[in-house]
Amino acid sequence: MGKLVFKRPESLQKTPTHYCPGCSHGIIHRLVAEVIDELGVREKTIGIAPVGCAVFAYNYFNCDMQEAAHGRGPAVATGVKRVLPRATVFTYQGDGDLASIGLAEVIHAAMRGEKITVIFVNNAIYGMTGGQMAPTTLVNQKTTTTPTGRLEEYFGKPLKIAEMLSTVETPSYIARVSVFTPKEILRAKKAVKKAFETQEKGLGFSLVEFLAACPTNWNLPPVEALKWIEKNMVPYYPLGEFKVPEKF
Amino acid sequence: MPEKFLMKGNEALAEAAIRAGCRYFFGYPITPQNEIPEYMAKHLPEVGGVYVQAESEVAAINMVYGAAGAGARVMTSSSSPGISLKQEGISYLAGAELPCVIVNMVRGGPGLGGIQPAQSDYFQVTRGGGHGDYRLIVLGPDSVQEIVDITFLSFELADKYRIPVLILGDGLLGQMMEPVEFPDISVEKPAKPWATTGMKDRPQNIIKSLHLDPLELERHNLKLQKKYSEISDNEQRMELFMCEDADLFIVAYGTTARIAKSVVVRAREEGIAAGLIRPISLWPFPNKAFEKIIDRAKVFLTLEMSCGQMIEDVKLTVNGRVPVVFYGRTGGIVPKFRDVLEKLRQLDRSDWHG
């Protein structure tokens, strides 16, 4: 008999995902699920699914789920958490959802110090709708709505969400991580764990921004897409912890 | 004898909501309904409840969605421009079949409009308001006491049918003070096994309105329609005022119904056989009430603080059998007693069968 060294986390359902080959959502789902398992909070967890590629997250996470309107995840999570203060509540949101249409909701949830965890997946593009410009699209990056590349004089420079939320005075945990190498994946998991622990300890709001790959809409093979993150995204979106609650 | 309180409509509504078991309120300031969030901010913590001031009406209604999905009795309130902002969330609440109570203390529109009382959101609230095939239960009280009674009823109906219920008042009803009594009843909150409370010892619960398979979405919509049809059968509410031998009927709800009552009383003194049909449920529209009196009706006069919105439901109900005419003021102006009376006298002098 061999020894079982790798298995599906209990917090993931036995459902194949609809994500494209090389998409980072699968890895990020798994990291979140592993952390929920390790903290032993699955039976009191309520996840909030976004609008975007991860809209079916409720079919993949094995915990109670609510599907929010586009960008409204942090508001929905606020409603859940205020009713169930001992529950573990997380939102899972893309960059169109969180950094564009839902910017007010996430900033104010952070300001109020809502004890929720936000998993923010930044792949610099609108994935589900077919590769349009996002507020996080890099300058000169080609998308279907910036066919010659994002021009700074027309559309400005991309938003740095982790840095922006770090300016909110209310205590919180804010980190940016990525998944382009196994080493980065391990670092990312530590950040996700700290984020959920921030919530469990009642220390405040927590957000982990992932720099993620979208090979389909970047027109790159999966391995090249991971290199693209390291080469193009990381210099503009530095990795690391931006804010840690004092009492952590 | 039950205790009587002299209260503003907005405050009475908030107190009734707390007594009806509402423990969560998500609001955003807008005139003329600010007394509701202010009352909730002060009094919800006294009963272990939570008041959150949201960053926008959009966020507030989505907080309602989260709280309703977690199984709570929850409410939000606003006024016309704010209710327009909530429509996205209201559509999601209807799609996900989440019970909640939404209050609209209507002010004049369109756009930023004004802050004086109006009834110009009738189309919006009785036709769903947001996108998709859905309805809300819409209740329109005409006094502070009825605001209290309807608030209790709204939470009950919301839970019973898993539907958002909208209380349609206006700036006048919200601001005026009248004596009220609160019913001495024990509130029963039904179990909500569908709520997302953590999946301990049961399968996963999902709150959602997405059905990408068109057949599945059609099934879902037909299920909603079945529920609306049941509500239409069971929940029509109206008052028939001096209608017994009337042949000339005013149709009015809320503030304008108060004026209509005075007009009907005076018209009777002048020998005019006037009566008032006062819809209390605006959706479902109380069309059954019309069937009782339509055979002797000469004319219906709909009286509204709008350019004529409820008149469309009156016409749909009457279906060409009897003339339906309109009188109204708009922009925040309340129709005057003497103008409505004069309109009624004119109608009485007309030969409707000539």
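I will try to describe carefully the structure that is included in this document. (Residues numbered from 1 in each chain as written. Chains lettered and ligands numbered in written order. Predicted model: local features only at pLDDT ≥ 70, side-chain atom pairs only at ≥ 80, totals over all residues.)

1. A few points about the overall build of chain B
When helices and strands are tallied, chain B shows twelve helices and 15 strands. Structurally, chain B occupies a C-alpha span of about 70 × 50 × 45 Å along its principal axes. Across the 354 residues of chain B, 53% fall into the buried class. (Helix = DSSP H or I, 4+ residues; strand = E, 2+ residues; numbered from the N terminus. Buried ≥ 20, exposed ≤ 12 C-beta atoms within 10 Å, placed from the backbone.)

2. Here's the deal with the packing of helix α3 (residues 73-83) of chain A against helix α5 (residues 103-112) of chain A
Packed helices, taken two at a time, are described by their axes: the angle between them and the distance between them. All names here are of chain A. Where α3 contacts α5, the two axes come as close as 7 Å, and the packing angle between them is 40°. Between α3 and α5, the interaxial angle falls into the category oblique. Facing Gly73, Pro74, Ala75 and Thr78 of α3, the residues of α5 in contact are Glu105, Val106 and Ala109. Class assignment for the residues of the contact of α3 with α5 results in four nonpolar, two polar and one charged. (Axes fitted to C-alpha atoms, helices over the stretch in contact; angles between N-to-C directions. Parallel < 35°, antiparallel > 145°, perpendicular 65-115°, else oblique. Contact = placed C-beta atoms within 7 Å. Nonpolar A, V, L, I, M, F, W, Y, C, P; charged D, E, K, R; others polar.)

3. Remarks on the pairing of strand β5 (residues 172-178) of chain A
Residues and elements named next belong to chain A. Of all seven residues making up β5, seven are buried, and the element is well covered by its neighbours. Residues Ser172, Ile174, Arg176 and Ser178 of β5 are buried on one face, and the alternating residues Tyr173, Ala175 and Val177, pointing to the opposite face, are buried as well. Of the pairings in the sheet, the one linking β5 to strand β6 (residues 205-211) comprises seven bridges and is parallel in character. Directly across from Arg176, in β6, lies its bridge partner Glu209. At this point the chain moves from β5, through helix α8 (residues 182-200), to the parallel β6, and the crossover so formed is right-handed. The pairing of β5 with strand β7 (residues 240-243) spans three bridges and is classified as antiparallel. Note on β7: the bridge partner recorded for Ile174 is Lys243. (Pairing = 2+ DSSP bridges. Right-handed = clockwise from strand over helix to strand, strands pointing away.)

4. Side note on helix α12 (residues 337-349) of chain B
Residue and element names in this part refer to chain B. Compared with an ideal rise of 1.5 Å per residue, which puts 13 residues at 18 Å, α12 spans 19 Å between its outermost C-alpha atoms and is within 8% of the ideal. Along α12, the positions that sit buried rather than exposed are Val340, Leu344 and Leu347. Seen along its axis, α12 keeps its buried residues to an arc of 60°; they face one direction. Those residues of α12 that are exposed and angled more than 90 degrees off the buried face are Arg338, Gln346 and Arg349. (Expected span 1.5 Å × (residues − 1). Arc of directions from axis to C-beta.)

5. Some remarks on the interface of chain A and chain B
Listed by partner, the interface residues are 28 residues for chain A and 32 residues for chain B. At the level of elements, β1 (45-49), β2 (64-67), α3 and α5 of chain A are the ones that each hand at least two residues to the side of chain A that touches chain B. With eight residues, α3(A) is the largest single contributor of residues to the side of chain A that touches chain B. Bridge count for β2(A) against strand β9 (residues 206-207) of chain B is two bridges, and the pairing is parallel. If you follow A:Gln66 over to β9(B), its bridge partner there is B:Ile207.

6. Considerations on α8(A)
Residues and elements named next belong to chain A. For α8, spanning 19 residues, the distance from its first C-alpha to its last is 27 Å, which sits close to the expected 27 Å at 1.5 Å a residue. Residues of α8 that are buried include every one of Ala188, Lys189, Ala191, Val192, Lys194, Ala195, Phe196, Thr198 and Gln199, and no others. Check the buried side of α8 and you find it contacts α1 (25-39), β3 (88-94), β4 (117-122), β5 and β6. At the C-terminal side of α8, Gly202 shows a positive phi close to 70°.

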